[in-house]
Amino acid sequence: MRSTSTIARRAMLALAAGLLAAGTASAQNWPVKPVKLIVGFPPGGTTDVLGRMLAARLSDKLGQQVVVENRAGASGIIGSDAVAKAPADGYTLLFSSSTLATYQALYAKVPFDPAKDLEPVATIATTPYVMVVHPSVPVKSIPELVAYAKQNPGKLNYAASAPGGGQHLGWEMFKRSTQTHLVYVPYKGTGALMPDLLGGTLQAGIDNVAVLTPHVKSGALRPLAVTGERRSALLPNVPTVIESGLPGFKVVGWFGVFAPAKTPRDVTHKLSSAITEILADKAMRDRMTELGAEPEGEGPDALRKLLASESEQWGRLIRELGITAQ
């Protein structure tokens, strides 16, 4: 006759096996209902536009609707935190920008840890910036800008969005690399700073290639260099900062999809595979290029390494310079 403890133990093992099997089956059949893709920024910006482009194609690929939900606030922290605290079932995902890598260094309190509470799924795209000056500034290259800035310390103003953003950090890295003194003028976004940059009140700026290309082609702004590792298809004749004499200088925005930590691996694998197929489509790639984004489609491991390296690089710079969110 079996003991009560033996029967209880076997019942518990059977229950555990059943739950495991149910979880596996659920993961294999995912998705069986609509998927929510949270964007931590308002509608209309680059993050939102790219997120919606991906969601539309994922809906077709997965056979379930992928719905974009904008949860703006605190430079994306509110939306990111919502995903970090969501059930790890693959039905709540995050479409994040590269600001994710700066939160812990920039803010005194962050309610989640990006590296521990989010599961990387896929890198969607990178967006290089282009460094420009107003035509009134007598420089046509990065070496000339460095020389001019050293001859006129503190007399060149540069435009950037909120402290700790890619544009701001790009200039701070440039100043540190070249030992120059330029004056940072913060704005609440690209739309706010463009009139002053185009009018010459501000002498220099860094922003998304797609945003500044029309002004470059019209002659309203003079391009000096793009900040990625390779030249931009939108401005093929403009050299990189690296080509211009600053080895290792790389400042790019990036976008990735994340799930809550502990989301089943076969769910994230299925999602990552679907995204890779979507980003291999020529029409999708061409549309992203028009927006100044360079399609990537790399999987979880590459995104995990990107988040770690960017967090280390920008975190160190933010802490050393004492930059804080305002």
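Analysis parameters
- Residues numbered from 1 in each chain as written.
- Predicted model: local features only at pLDDT ≥ 70, side-chain atom pairs only at ≥ 80, totals over all residues.
- Heavy atoms only, no water.
- pLDDT = per-residue confidence, 0-100.
- Contact = heavy atoms within 4.5 Å.
- Salt bridge = Lys/Arg side-chain N within 4 Å of Asp/Glu carboxyl O.
- Helix = DSSP H or I, 4+ residues; strand = E, 2+ residues; numbered from the N terminus.
- Buried < 20%, exposed > 50% of the residue type's maximum accessible area, 1.4 Å probe, protein only.
- 1 Å grid on protein atoms, 1.4 Å probe; cavity = no way out; pocket = protein on both sides within 12 Å on 5 of 7 lines; lining within 4 Å.
- Points joined across faces, edges and corners; volume = space filled by probe spheres on them.
- Nonpolar A, V, L, I, M, F, W, Y, C, P; charged D, E, K, R; others polar.
- Axes fitted to C-alpha atoms, helices over the stretch in contact; angles between N-to-C directions.
- Parallel < 35°, antiparallel > 145°, perpendicular 65-115°, else oblique.
- Phe/Tyr/Trp six-rings, centres within 6.5 Å; stacked < 30°, edge-to-face > 60°.
- Lys NZ or Arg CZ within 6 Å of the ring centre and 35° of its normal.

J.: Any chance you could explain the confidence of the model for the protein here in plain terms?
T.: In regions of low pLDDT, the predicted coordinates are not meant to be interpreted in detail. With 91% of its residues at a pLDDT of 70 or more, the protein shows a mean pLDDT of 90. Note that pLDDT drops below 50 for residues 19-25; the model gives that stretch 1 contact with residues more than four away or on any other chain.

J.: What's the story with the pattern of salt bridges in this structure? I'm lost.
T.: Two side chains carrying opposite charge are able to pair once their charged atoms lie near each other. Enumeration over the complete set of coordinates arrives at 16 salt bridges. A salt bridge links K175 to E172; the shortest N-O distance between them is 3.3 Å. Of this pair, K175 and E172 both sit in helix α7 (residues 166-178), 3 residues apart, roughly one helical turn. Grouping residues by exposure puts K175 and E172 together as buried. Put simply, R176 and E320 hold a salt bridge, and the shortest N to O gap is 2.3 Å. With R176 in helix α7 and E320 in helix α12 (residues 300-321), this pair connects stretches of sequence that are 144 residues apart. On the basis of relative accessible area, E320 is assigned to the partly exposed category, the value being 47%. A cluster of three or more residues bridged by salt bridges with shared partners is formed by K36, E69 and R71.

J.: Mind showing me how you'd approach the layout of surface pockets here?
T.: Its boundaries defined by the atoms lining it, the largest pocket holds a volume of some 1100 Å³. Of the residues forming the lining of the largest pocket, the biggest block, 4 residues, is contributed by strand β9 (residues 252-260). Class assignment of the residues belonging to the lining of the largest pocket gives a composition of 21 nonpolar, 22 polar and 4 charged. Computed from the structure, the second largest pocket encloses a volume of approximately 310 Å³. Forming the walls of the second largest pocket are 18 residues, and the residues nearest its centre are T126, E229, K250, V252 and L306. Taken together, the elements giving at least two residues each to the lining of the second largest pocket come down to β4 (118-133), β9, β10 (294-298) and α12. Examining the composition of the lining of the second largest pocket, we find that 6 residues originate from one element, α12, more than from any other. The residue makeup of the lining of the second largest pocket, split by class, is 5 nonpolar, 5 polar and 8 charged.

J.: Help me understand the packing of helix α2 (residues 46-62) against helix α11 (residues 282-290), please; the structure alone is not making it clear to me.
T.: The packing of two helices is summarised by the inter-axis angle and the distance between the axes. Relative to each other, α2 and α11 sit at 170 degrees, their axes nearing to 11 Å. Judged by the inter-axis angle, α2 sits roughly antiparallel to α11. Contacts from L50, M53, L54 and R57 of α2 reach α11 at M284, R287 and M288. Within the contact of α2 with α11, the residues separate by chemical class into 5 nonpolar, no polar and 2 charged.

J.: Would you mind showing me how to read the packing of aromatic side chains here?
T.: Given two aromatic rings, one states the distance between the centres and the angle between the planes to describe the pair. Under the definition given, this model contains 7 aromatic pairs. Ring geometry for Y103 against Y107: centres 6.3 Å apart, planes inclined by 65 degrees, an arrangement best described as edge-to-face. Taking the relative accessible area as the measure of exposure, Y103 reaches 1% and is therefore buried. Residue classification places Y107 among the partly exposed positions, given a relative accessible area of 22%. With centroids separated by 5.6 Å and ring planes inclined at 20 degrees, the aromatic side chains of Y158 and Y184 adopt a geometry described as stacked. Within this pair, whereas Y158 is found in strand β5 (residues 157-160), its partner Y184 is found in strand β6 (residues 183-186), the two being separated by 26 residues in sequence. Under the relative-accessibility criterion, Y158 is labelled buried at 0%. Three or more aromatic residues joined by ring pairs make a cluster, and in this case those are Y158, W171, F174 and Y184. Sitting over the ring of Y91, K33 keeps its end group 4.7 Å from the ring centre.

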